[in-house]
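Listed below, chain by chain, are the residues.
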Amino acid sequence: MFSAWKFVETVFAVLPLISAQVLVDLQVAQPPPVPSDAKTCTMKILEYSVCRRTFGNSYYDPEIVSYSPPTDCGTVGSWAAVTLSFTVTSNGTQYDRLGVFTFHNTEIWRTSTPEPTPDGIIWTYTKDVTRYIPLFAKPGTFLLELDNIVTSTLTGEYSTTLYATFYATSKNYPTAGQSNLIVPISTMSDTLANDASVPPAFSLNVTLPQNTVEIYAELYASGNGEEEFWYYNTANEYISDLPPGTTYGEGPFREVRLLVDGQLAGVAFPYAVIFTGGINPAVWQPITAYGAIDLPTYFLDLTPFAPVFADGLPHNVTIDVASAEADHAINPNWYVSGLLQVVTDPSGERTTGQMITYNAQPYATTQTYGNTDANDVNVTVNAQRQICIESMVVSGSGQSNHVIFEQNLDYTNTQYYLNDTYTQNVAQISSGSVKSTHNGVPVVIDNFEYPLFINVTYLDVTDTLITFFTSFDHSYNRQLSPAPFILASDTTERQLATGYFTISTVGNFGSGNNNNTFNYADSEHNTYSRVVDAAMNEIVYNQESGSLASSSSSVSWPVAPSSFSVPPARLPGGKRIGNGL
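Each value, and the rule that gives it
Residues numbered from 1 in each chain as written. Predicted model: local features only at pLDDT ≥ 70, side-chain atom pairs only at ≥ 80, totals over all residues. Heavy atoms only, no water. pLDDT = per-residue confidence, 0-100. Contact = heavy atoms within 4.5 Å. Disulfide = S-S within 2.5 Å. Helix = DSSP H or I, 4+ residues; strand = E, 2+ residues; numbered from the N terminus. Buried < 20%, exposed > 50% of the residue type's maximum accessible area, 1.4 Å probe, protein only. Pairing = 2+ DSSP bridges. Axes fitted to C-alpha atoms, helices over the stretch in contact; angles between N-to-C directions. Patch = residues over 30% accessible without salt bridge, like charges linked within 9 Å, V, L, I, M, F, W, Y side chains within 5 Å. Areas by Shrake-Rupley, 256 points an atom, 1.4 Å probe, with all protein chains shown as cover. Salt bridge = Lys/Arg side-chain N within 4 Å of Asp/Glu carboxyl O. Core = buried A, V, L, I, M, F, W, Y, C linked by side-chain atoms within 4.5 Å.

S.K.: Looking at this structure, how should I read the confidence of the model for the protein?
M.R.: Fine structural detail should not be taken from predicted coordinates in areas where pLDDT scores are low. Of the residues in the protein, 92% have a pLDDT of 70 or more, and the chain-wide mean is 92. Low pLDDT (under 50) marks residues 1-19, which in the prediction has 34 contacts with non-local residues, meaning those over four places away or in another chain.

So, in C-alpha cells, the structure goes:
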C-alpha cells in the first residue's frame, strides 16, 4: 500500500526549493466580448479591504453600497456593453467561500473563492453583465455577501474590489439589446444576499405589466452542504449496502424546476461545479474547476405564460430542486434564485392569447438499478425529461406570436464503489436540447452536454490520516442563445486533473496537475481559445488565440508558493479523519 507518510516527507523535501510568491489564481474563460475602441467609463462599485475591513467573520454581514449610473458615457442605459471586474486577495489558511452579488434585489453573479495560501493569492475575473443593463440604468443598492469565518486555524480573510466599466455606443457598436424590465425571483432582502435555501421550495408572488409580450427566465442554482457533491449521493435503495458515512442518500439526479401557479414551466439539469476545496484542493491551484469563479446559469422561455401574467395580478413563481427518489426529496441544501427579463408592447394595451398545448409532467421519468457483491456496489440512475408548451400570444398592437417551448433532456449517473469502497468512481453525463420558437424563428437555444468522470482511490486510512489519489475528467459543452437580445455563444471546455492529497492530524498536503482546453465563439464572430496547464501550483504551459485574446491580461506566472498547507479536503459523505470508510 502507498505510504502516506512517504508522500508527506516528499512534499516537505521540495519546499525549500520553492520561492515564496503570491499565487495568481484563475478560472479559464473568454474575456468579455466588448467594443475594442469605444469610450469607456469605469467606476468603483465597492471596496472591502484592509483599509476598511475585510471579509473575515462576515456571516450575515454583507457589504452594501448605493449605486448611481454614470452620465459621462452617453445617455444612461444606452451603453454598448457593461462589465464587472472583481479582484480578491487573501493569505493564510481558509476554506473556499460562496459569494453572491445582488443588485436591485436581483442576483447577477454567483462566485466562490479559491483557497488561499500562507504566502497569499490574488485573482481578477471580469464578467460580461451587458444583459443586466436595465438594472444598471437606474440608481439602486448593490450587495456582496461573502460569508466567512476566521478562527485560530482558519486565518484567511478576503479583501475585495469591484469595478464596473461602461462602454459608450458608436457607429460600429450600437446600444446593446435589452429587455424593458428585469423582475427578481428572490427573497427581496435589503440586508442579505437574495438567494434562497431549498428545501423547502422557494416561492414568490410576481406581478408583471399587462402589456407583457415576452418573458425569459434565468436561474441560479448550486449545491451546498450535503448537496455539494450531489453527483456522489447514492440512491436510497442501495445506501444501506455501503458502510455508514460513505456518502449521503437521495441519489445523484437533480433537476431545478420553475413553476408558475403550481404548473411546471421548465427545468434545468445543472452543471456540476466543483469548488476549490472540493475532493482534492491541490488540483484546483492555481486553475480552479470550470465555473467555480463564475457559476453557470440556466435559461428558459416563459413567453407561453405571457397571457397568464397579463391579467396584472400576482402570480406565484416557485423554484425547487427535485431528485429521482420516490418522494423527490433532496438533502440540505441548494441555493437558488432567478430573474425574469420582460419585454412589453409599446401600445401599453393588455396582452391576450391562450395556451394551446401543455405537455409537461411534474417530475422527470427515472430508472434506478444496481448490483452488489461482497466487495463492490454499483448503482445507476437514469432520467429523461420532455416538455412541450405552446401558446398564442397577441399583443395590444394586434401582433400574434405563435410560441413553442420544448425541452428534451437526458441524464445518466453510475457510481462504482469497489474494493470495499476504497475506490469510489462516478461516471455522469447530463445532456439535452432546449429550444423556443416565436412564429417559427428560434429565440432561445440551449444545447448542452456535461460529462463528468471522477476517480477517488483511498490509499491509506487510519485514525490520524487519510491519503487518496484523484482524477477528474470534466467537460462543459454548450451552445447557448439565452434570449433574442442576448449574445449567443458556443463554448467547449475540457479539464483533466489528477493529484494526491493527505488529510492528517499534523497538517494537510497535496500535489496535482490540471490541464485545460477551452474554445469560445459567439454570434458576433468573436473567438477565443486557450490551452493552459498547471503542475504543483505553477503554470507550465499557456497558449491563447482568437479575436479576444489580445484583450486578456498579460500575467507573469510565478512559481509555486512556499507552503502547500490547506484546510482538510471536503469529501463526499462528509468523510473525516477517524470515521473510516
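Now that the structure is up, let's keep going.
S.K.: Honestly, the state of the cysteines in this entry has me stumped. Any pointers?
M.R.: Here a disulfide denotes a covalent bond joining the sulfur atom of one cysteine to the sulfur atom of another. Using the criterion set out here, one finds one disulfide in the structure. Cys 41 shares a disulfide with Cys 73; S-S distance 1.9 Å. Note on the Cys 41 and Cys 73 pair: the S-S dihedral is about 100°, so by sign convention the disulfide is right-handed. Of this pair, Cys 41 sits in strand S2 (residues 40-48) while Cys 73 sits in the loop between strand S3 (63-67) and strand S4 (81-90), and the two are 32 residues apart along the sequence. The class for Cys 41 is buried, based on a relative accessible area of 8%. For Cys 73, a relative accessible area of 1% corresponds to the buried category.

S.K.: Would you mind showing me how to read the sheet that holds strand S12 (residues 202-206) here?
M.R.: The pairing of strands in a sheet comes from backbone hydrogen bonds and takes either a parallel or an antiparallel form. Taking strand neighbours across the sheet as the criterion, the four strands line up as S12-S17-S14-S15 in an open arrangement whose pairing is antiparallel. Two strands close off the open sheet at either side, each with one partner strand: S12 and strand S15 (263-268). Recorded for the sheet is a direction-independent mean angle of 20° between the axes of neighbouring strands. Note that S12 and strand S17 (residues 315-322) share five bridges and pair antiparallel.

S.K.: Would you explain a nonpolar patch on the surface in this entry?
M.R.: A contiguous nonpolar surface patch, about 340 Å² in accessible area, is contributed by Tyr 59, Tyr 60 and Ile 149. When its relative accessible area of 39% is taken as the criterion, Tyr 59 is described as partly exposed.

S.K.: Would you mind showing me how to read the side chain of Ser 395 here?
M.R.: With respect to the secondary-structure elements, Ser 395 resides in the loop between strand S21 (377-394) and strand S22 (400-418). In contact with Ser 395, not counting residues within four places along its chain, are Val 213, Asp 345 and Thr 351.

S.K.: Mind showing me how you'd approach the pattern of salt bridges here?
M.R.: Side-chain pairing between opposite charges can occur once the charged atoms of the two side chains come close. Throughout the structure, instances matching the rule amount to 11 salt bridges. Ionic pairing is found between Asp 96 and Arg 570, a salt bridge with its closest N-O pair at 2.9 Å. Residue Asp 96 is located in the loop between S4 and strand S5 (98-103), and its partner Arg 570 is located in the segment after strand S29 (538-545); the two are separated by 474 residues in the primary sequence. A salt bridge links Arg 570 to Glu 228; its shortest N-O distance comes to 2.7 Å. Highlighted residues: Arg 570 in the segment after S29 and Glu 228 in the loop between strand S13 (212-223) and helix H3 (236-239), separated in sequence by 342 residues. You can call Glu 228 buried: its relative accessible area is 9%. In the salt-bridge network here, residues are joined through shared partners; they are Asp 96, Glu 228 and Arg 570.

S.K.: Help me understand the sheet that holds strand S1 (residues 23-24), please; the structure alone is not making it clear to me.
M.R.: The strand order across the open sheet built from five strands is S1-S7-S4-S9-S2, with neighbouring strands paired in mixed fashion. The strands lining the two open edges of the sheet, one partner per strand, are S1 and S2. In the sheet, S4 pairs with strand S9 (residues 159-167) via nine bridges, with the strands oriented antiparallel. The residue bridging Phe 86 from the neighbouring strand is Leu 162, located in S9.

S.K.: So what exactly am I meant to see when it comes to the nonpolar core here?
M.R.: Most often, soluble globular proteins have nonpolar side chains that are buried together. Residues Tyr 231 and Leu 340 are the most contacted members of the largest nonpolar core, which totals 99 residues. Broken down by element, the residue count for this core peaks at seven residues, all from S21. In this view, Tyr 231 contacts Pro 252, Ala 272, Ile 274, Ile 279, Asn 413, Gln 415, Val 426, Gln 428, Leu 452 and Ile 454; residues no more than four positions away in its chain are not counted. If you look at the next biggest cluster of nonpolar residues, it comprises 40 residues, including Ile 45, Trp 79, Trp 123 and Tyr 132.

S.K.: Which parts of the structure should I look at to understand unusual backbone geometry?
M.R.: Glycine aside, residues mostly have negative phi angles, and peptide bonds mostly take the trans form. A cis amide bond links Val 198 with the next residue in sequence, Pro 199, at an omega value of 0°. Summarising the element assignment, Pro 199 is placed in the loop between strand S11 (196-198) and S12. At the junction of Gln 285 and Pro 286, the peptide bond is cis and its omega measures out at 0° in the coordinates. Structurally, the position occupied by Pro 286 is in the loop between S15 and strand S16 (298-301). The backbone of Thr 421 sits at a positive phi, close to 70°, despite the residue not being glycine. Judged by relative accessible area, Thr 421 falls into the buried class, the value being 4%. For Met 536, which is not a glycine, the phi torsion comes out positive at approximately 50°. Following the sequence through the fold, Met 536 ends up in the loop between strand S28 (527-535) and S29.

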